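Secondary and tertiary structure notes
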Amino acid sequence: MPNFCAALNCSRNSTHSVLAFFRFPRDPERCKKWVENCSRSDLKDKTPDHLNKYHRLCARHFEPNLITKTSPFRTVLKDNALPTIFDNPSLKRSNNETENKDSPEAKKSKSDSQSEPTKDDSEAATKEISESKNGDGVDSSPQVIDEETLNKEYLKSLFDVVMMMGTQNIPLHGHSDKEPRSKSFTPSNFQALLEYRINAGDEFLRKKFEGSPVNLEYCSSTQLQQMLEVIENCVREESLAEVKEGRFFSLVVDNLVEICGESRLPLFIRFVGKTNCLREEFVGFLPFEGDVEAITKRLIGEVTEKCGLDMQYCRGQAYLCSGVSAMKVKAVVARIAELHPLAVLTPCSSCSLNICLANTMTFTGVHLVMCTLKKLDAFFSKSPLLQNQLESAISIYYQGNDEKANVLKGACYLKWTEQHDTFEVAVDLLESLLLCMDSIHDNEDHKWSDEVAHNAFVISEALADFEFVMTLVVLKNTLSFSRAFGKNLQGQTNEVFFASSSLTAVLHSLNEVYENIEVYHEFWFEEAVNLAAALEIPVKVPRLYFRKRPTSGEEIQPETYYKEQVTLPVVSHVIKELSDLFSENHLKALKSLSLVPAIMGQLKFNTAEETSVDIYKDDLLNPDTFPAELHCWKIKWKHGTKDVVLPSTIYETLQLSDVKFFPNVCALLKVLYNLPVFALTNDKCCTAKQRLTAYLEDTPVHHRNKSMALFYINCAIKHDLDSMVEKYLKMYPDSEPSENRD
């Protein structure tokens, strides 16, 4: 931002000069003296705050010994400095007379002020004349850029650096937040990059700070936070522009993470874009504080106020949280469904149904199993050598059964801890896993590091616990009833459609298990005991159970304990969770998939969509014409497409050139396509969750920043620095960056 000298008859400004410019002091007495000395009577009625903010004097009006250069870009005035060098001789004499004439320092200062400034003024005048005229005597001085333009360019430089750091995942501070700034040996990353940019030739940043009379921050924490807020708004606006056009969307809440020193929920928006492709965009982190009502209000506010979306067009919800947090999030989702009945709860396509069901259980044994599975996944992903060790253990245990061994080895390369048959594979792998962990922990050939050996010991202790074995067996058997159902939900569109019809059979089977729990538990307990015997694991009640309960004199048997604490709770939870996940509105939505031509063909065009789509009546462009339009839609595919492969997915159907002649059908398919149960088929449209995972894995907790994470995850979005600056100036019109002090 350019500075202009306020002294009478002085035309210097920072655009065409390398001089320092100093603000008027806030002290009333000093400020009054400055005004008098610069001979500006029009400034006498201005307040010190106003003068400090809008007016400056250049260094030519101060004695040289009053000016100190603290760095290549910062010049500071000494305390109580007064401007005394002006073109008015009488003013100069008057000011000199007020000084102590007997002081040696004053005499020397006076001598310097009468010699050097005169020489400097002469040289400056000669330089200005030579620069302002060419050989023909024609004025060729450059056009002065107005202050507003230069201020915008300066802000663009700041925004550019912040955006670069965000998209490259460079922490703003570069040191632990627990470490005081005064103890840091290096400046923050942001400060260092700004200095580097100045040295690289950014004139707007250089001119901003070279004439500063105080020890300024390049950007204060307040201004930086304002800039981050503006960038967040711009990124969200750009990423969700197509949502607002299409209106309909769904919400996806990911696992709880720690960021900015708080527990937060990552929030994604699913929607159908302009090309009719299903997309998912990350929009921010939701603070996980307060009760269910407070979180619900905060989530709705995030969607409506920050994202600019209307909750009445929310058509689906899904969450991926686990444990205790899952219960709280589920209550939030249920509350939103009460307020907006069409925002149905569905499973999320990125997580298998069985894993989702297990993650929502808060029982100790289930928590132990799920945490151990996560540890196993992280453990074997560290090195191919660890994977080879597991394969060797599988080969040893399954000698003579190469087919089974090869199947298990193949599963180990396919994220087996996240599949539909995770618990079946875990039971088959249990003995091999324990053998592998024990050999790594023993570390007889010193092949593994102490950290790896210790991690192997921790995992082996969990695996060799009967509570783990029993819970794993119960999960395997209970969730075997929903395995095929969940797999179909993540399959092709026709598989999703027919899966909705098989839910009744799944719930019937689970209810039969619950009604005959004594019989089923006896079989499952026997299976767990046999597996434990093979692993030499003692069958016993968990130690924690006795610590939590005072001795009652009655000894509880393991079989009874695990029936009451594991089998019954797990079976009843799965039944309830499936019933909640597949509400009446959700099932109607899935039945509406019969609009897809391939499914219509499989049903011999004998469908009744009018009943199932009744819940979306208000979403149609013209509900009154829908029955006639639907009839024409069926006739088109029944009689007009011989030897033609019928579109089998919503996406393929929406790509048809003549689908525009069926506006109600097209609108309904787009609404259905928003549901989180449908998989993201385009790799470019599912990178948001991958980049969130990468950010959390690559960024230490104390370096995480919710705003910088948003920029990193949405790095592909084009950003317009000019629009950011305009929005910043509009949101913070009174912001004056140069006033920020250390």
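Our structure's up above, just so we're on the same page.
So, a few notes on the structure that sits alongside this text. The shown structure was predicted, so the numbers you read here are calculated from the model rather than taken from an experiment.

**A short note on the overall build of the protein**
Secondary structure assignment for the protein yields 32 helices and 10 strands. Expressed as a percentage of its 742 residues, the buried residues of the protein come to 50%. Sequence separation of at least 24 residues holds for 73% of the intrachain contacts in the protein that already meet a minimum separation of 6.

**Looking at the pattern of salt bridges**
For the structure shown, the criterion picks out 30 salt bridges. Across the salt bridge formed by Arg279 and Glu281, the nearest N and O atoms sit 2.7 Å from each other. In this pair, the class of Arg279 matches that of Glu281, namely buried. A salt bridge links Lys404 to Asp428, with the nearest nitrogen and oxygen atoms 2.9 Å apart. With Lys404 in helix α15 (residues 402-411) and Asp428 in helix α16 (residues 422-442), the pair connects residues that are 24 residues apart, well separated along the chain. Taken together, the shared-partner salt bridges in this structure form one network comprising Glu232, Arg236, Glu302, Lys306 and Lys706.

**Here's the deal with helix α20 (residues 493-515)**
The terminal C-alpha atoms of α20 lie 34 Å apart, and with 23 residues this matches the ideal 33 Å at 1.5 Å per residue to within 8%. Largest kink in α20: about 40°, centred on Ser501. All buried positions along α20 are accounted for by Thr493, Val496, Phe497, Ala499, Ser500, Leu503, Val506, Leu507, Leu510 and Val513.

**Notes on empty space enclosed by the protein**
Under the criterion given, the structure shown has 4 cavities of 30 Å³ or more. The computed volume of the second largest cavity comes to approximately 70 Å³. Every residue lining the second largest cavity is counted, 13 residues in all, and those nearest its centre are Val253, Leu299, Val329, Val332 and Val333. Elements with a contribution of two residues or more to the lining of the second largest cavity: β5 (249-253), α10 (292-306), β9 (314-319) and α11 (323-339).

**Details of the environment of Cys219**
Relative to the assigned elements, Cys219 resides in the loop between α7 (203-210) and α8 (221-239). As a C-alpha pair, Cys219 and Gln191 span 28 residues in sequence and 8.0 Å in three-dimensional space. When residues no more than four places from it in sequence are discounted, the contact partners of Cys219 are Leu158, Phe190, Leu224 and Met227.

**Observations regarding the nonpolar core**
The nonpolar side chains of soluble globular proteins are, as a tendency, buried together. Counting 194 residues, the largest nonpolar core has Phe159, Phe190, Phe249, Phe423 and Leu578 as its most contacted members. Residue contributions to this core peak at 11 residues, all from α16. Here this core spans two domains, and each of domain 1 (357-582) and domain 2 (592-674) adds at least three residues to it. Residues Cys5, Ala59, Leu66 and Ala81 belong to the second largest nonpolar core, which totals 23 residues.

The rules behind these values
Residues numbered from 1 in each chain as written. Predicted model: local features only at pLDDT ≥ 70, side-chain atom pairs only at ≥ 80, totals over all residues. Heavy atoms only, no water. Helix = DSSP H or I, 4+ residues; strand = E, 2+ residues; numbered from the N terminus. Buried < 20%, exposed > 50% of the residue type's maximum accessible area, 1.4 Å probe, protein only. Contact = heavy atoms within 4.5 Å. Salt bridge = Lys/Arg side-chain N within 4 Å of Asp/Glu carboxyl O. Expected span 1.5 Å × (residues − 1). Bend = angle between axes of the 7 residues up to and from the residue. 1 Å grid on protein atoms, 1.4 Å probe; cavity = no way out; pocket = protein on both sides within 12 Å on 5 of 7 lines; lining within 4 Å. Points joined across faces, edges and corners; volume = space filled by probe spheres on them. Core = buried A, V, L, I, M, F, W, Y, C linked by side-chain atoms within 4.5 Å. Domains from an automatic or database assignment.

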